[in-house]
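A closer look at the structure
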Amino acid sequence: MLPSLRKAGSLARAVHAGQRRFLSIHEYQSVNLLNAYGIPTPKSIGAKSPDEAFKAAENFGINRLVIKAQVLAGGRGKGTFDNGFKGGVHTIDAPEQAREIAKQMIGANLITKQTGSAGRICKAVMLAERRDPAHEYYVAILNDRVTQGPVLVASNQGGMNIEEVAAKDPHSIITTPIDAKKGVDPLVALELAKTLGFKDATTQKEAADIFVTLYKLFKDKDATQIEINPMAETTDGHVLCMDAKLGFDDNAEFRQKDVFDLRDISQEEPSEVEAQKANLNFIKLDGSIGCLVNGAGLAMATMDVLSLHGGNPANFLDVGGGATPETVKKAFEILLTDSKVKSIFINIFGGIMRCDYIAEGVIRATKELDLSIPLVVRLKGTKEAEAKQMIKDSGLKIIPFDDLDTAAEKAVELAHA
């Protein structure tokens, strides 16, 4: 039983982490933001067509360039496009190369270790000057639960997966708490640069200035993450942010319109985008049991119970406390877009939410969507008796349960049938 408990618990924690929806933007957009704050990067230009890539390369002023597929996923360099073209990062030496490689990238799906087998569509490329690093570092600014505030995380082992660095050499990672109001102390930043091993006073000062300014950007723009990997000390004696990954808090959209206008929904799961429009908290997973629950805690508990009985949830779907019959129907429509769903489990605890509203939505969805997938329903709480009577009177093949374990067990059985 213990392995199952571990699996279930980790599943819930993963969904809880994923539930916090943060905006991510493309690398070329991140570079533009860094440059707006005076943070040095290699010169970079975005292009949305092969001809734009050609013109950008032609007007760059130098021939030694890098072309990068703009896809919101890690591991692009080792990825493969669905048209067979290998690698999302290439060096080029002529404008015509930029056009030919852009033709292979733009419009194709790039598959990496983070995208899943379908990959993500590439709709733009970024061209950047090649700057040779003498040494690579890792720098990030994050919110930290332990210190309950922002922290500056840095390592002199950059250019690689920071999780691997943490596992192999945790002492190489330095975490520095930041005073949220005052920002990064310039003296502390300078001492950190020295500790990391920047070689002389000039590069130490450049690195320290970047640390200070990164936090200013983080705070000004309501960022949840700024990750620079790598930050490079170049062979010509400068410090540059070579690659950037920025994330922003969705709760700040109302005051960060310029940032949120950069959102690229083509990089997001279509069903999650659709759910967001209906104010549904939905995250797609890889299982075969569709879940419709009210409340994040109950949703995670439901997924845990399904896992304990040998099932795999196809999604996390929290309809919240203000769902209407129309919202429930929309939730069903989203669930049914996933061909892997073999059964649906509805688990509602009626407090603010009324069970009869859920029942009305379930009945309407079953009729109007011509539902053929087995449907297991557990309703407890406000208007429970009325809801159960509505389901009974409908004459539809909806399987009701009172006990959570029994209901979950039946949903798993039907999914495996």
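In this text, all values refer to a predicted model and were calculated from it rather than measured experimentally.

Here's the deal with the nonpolar core
As a rule of thumb, soluble globular proteins bury nonpolar side chains together. Of all hydrophobic cores here, the largest spans 36 residues; its most connected members are Phe-211, Leu-214, Ile-228, Met-231 and Phe-248. Looking at which element gives the most residues to this core, the answer is helix H7 (residues 201–220), with eight residues. Excluding residues within four positions of it along the chain, Leu-214 makes contact with Leu-34, Ile-39, Val-139, Ile-141, Ile-226 and Ile-228. Ranked by size, the runner-up nonpolar core spans 30 residues in total, among them Ala-275, Phe-282, Leu-335 and Ile-391.

Overview of the packing of helix H11 (residues 325–335) against helix H12 (residues 355–368)
Relative orientation of the contacting elements H11 and H12 amounts to 45°, with a least axis distance of 8 Å. As summarised for this structure, H11 and H12 are arranged oblique, according to the angle between their axes. As H11 packs across H12, the resulting crossing turns out to be right-handed. For the pair H11 and H12, contact is made by Pro-325, Glu-326, Val-328, Lys-329 and Phe-332 and by Tyr-357, Ile-358, Glu-360, Gly-361, Val-362, Arg-364, Ala-365 and Glu-368, respectively. Here the residues of the contact of H11 with H12 are counted per class, giving seven nonpolar, one polar and five charged.

A few points about the sheet that holds strand E6 (residues 109–111)
Within the open sheet, the three strands sit side by side as E4-E6-E7. Their pairing is antiparallel. Here the strands that pair on one side only, and so sit at the sheet edges, are strand E4 (80–81) and strand E7 (120–121). One ladder, built from two bridges, connects E4 with E6; its direction is antiparallel. The partner of Thr-80 across the bridge, within E6, is Ile-111.

Description of the side chain of Thr-366
Summarising the element assignment, Thr-366 is placed in helix H12. Only 2.7 Å separates the side chain of Thr-366 from the backbone oxygen of Val-362, close enough to count as a polar contact. Residues within four places of Thr-366 in sequence aside, it is in contact with Leu-371, Leu-375, Leu-396 and Ile-398.

Overview of the sheet that holds strand E8 (residues 125–129)
Taken together, the four strands give an open sheet; going across it, the order is E2-E8-E3-E5, and neighbouring strands pair in antiparallel fashion. Of all strands in the sheet, those with a lone pairing partner are strand E2 (44–47) and strand E5 (89–92), marking the two edges. Direction aside, the axes of adjacent strands within the sheet are offset by 25° on average. The pairing of strand E3 (residues 65–69) with E8 spans five bridges and is antiparallel. Within the sheet, the bridge partner assigned to Ile-67 lies in E8 and is Leu-127.

Things to note about the packing of aromatic side chains
Within the structure shown, the criterion is met by three aromatic pairs. Judged by centre distance (4.0 Å) and plane angle (15°), the rings of Tyr-137 and Phe-198 are stacked. One end of the pair, Tyr-137, is in strand E9 (residues 133–144); the other, Phe-198, is in the loop between helix H6 (186–196) and H7, with 61 residues separating them in the sequence. Of the two residues, Tyr-137 and Phe-198, neither departs from the other in class, the shared state being buried. A cation over a ring is seen here: Arg-99 above Phe-54, with NZ or CZ 4.0 Å from the ring centre.

Topic: helix H3 (residues 50–58)
Taken residue by residue, H3 has Ala-53, Phe-54, Ala-56 and Ala-57 as its buried positions. All buried residues of H3 project into a common sector of 165° when viewed along the axis, lining one side.

About the criteria used
- Residues numbered from 1 in each chain as written.
- Predicted model: local features only at pLDDT ≥ 70, side-chain atom pairs only at ≥ 80, totals over all residues.
- Heavy atoms only, no water.
- Core = buried A, V, L, I, M, F, W, Y, C linked by side-chain atoms within 4.5 Å.
- Buried < 20%, exposed > 50% of the residue type's maximum accessible area, 1.4 Å probe, protein only.
- Helix = DSSP H or I, 4+ residues; strand = E, 2+ residues; numbered from the N terminus.
- Contact = heavy atoms within 4.5 Å.
- Axes fitted to C-alpha atoms, helices over the stretch in contact; angles between N-to-C directions.
- Parallel < 35°, antiparallel > 145°, perpendicular 65-115°, else oblique.
- Left-handed = near helix turned anticlockwise from the far one by under 90°.
- Nonpolar A, V, L, I, M, F, W, Y, C, P; charged D, E, K, R; others polar.
- Pairing = 2+ DSSP bridges.
- Polar contact = N/O pair within 3.5 Å; in protein donor to acceptor, adjacent residues only side chain to side chain.
- Phe/Tyr/Trp six-rings, centres within 6.5 Å; stacked < 30°, edge-to-face > 60°.
- Lys NZ or Arg CZ within 6 Å of the ring centre and 35° of its normal.
- Arc of directions from axis to C-beta.

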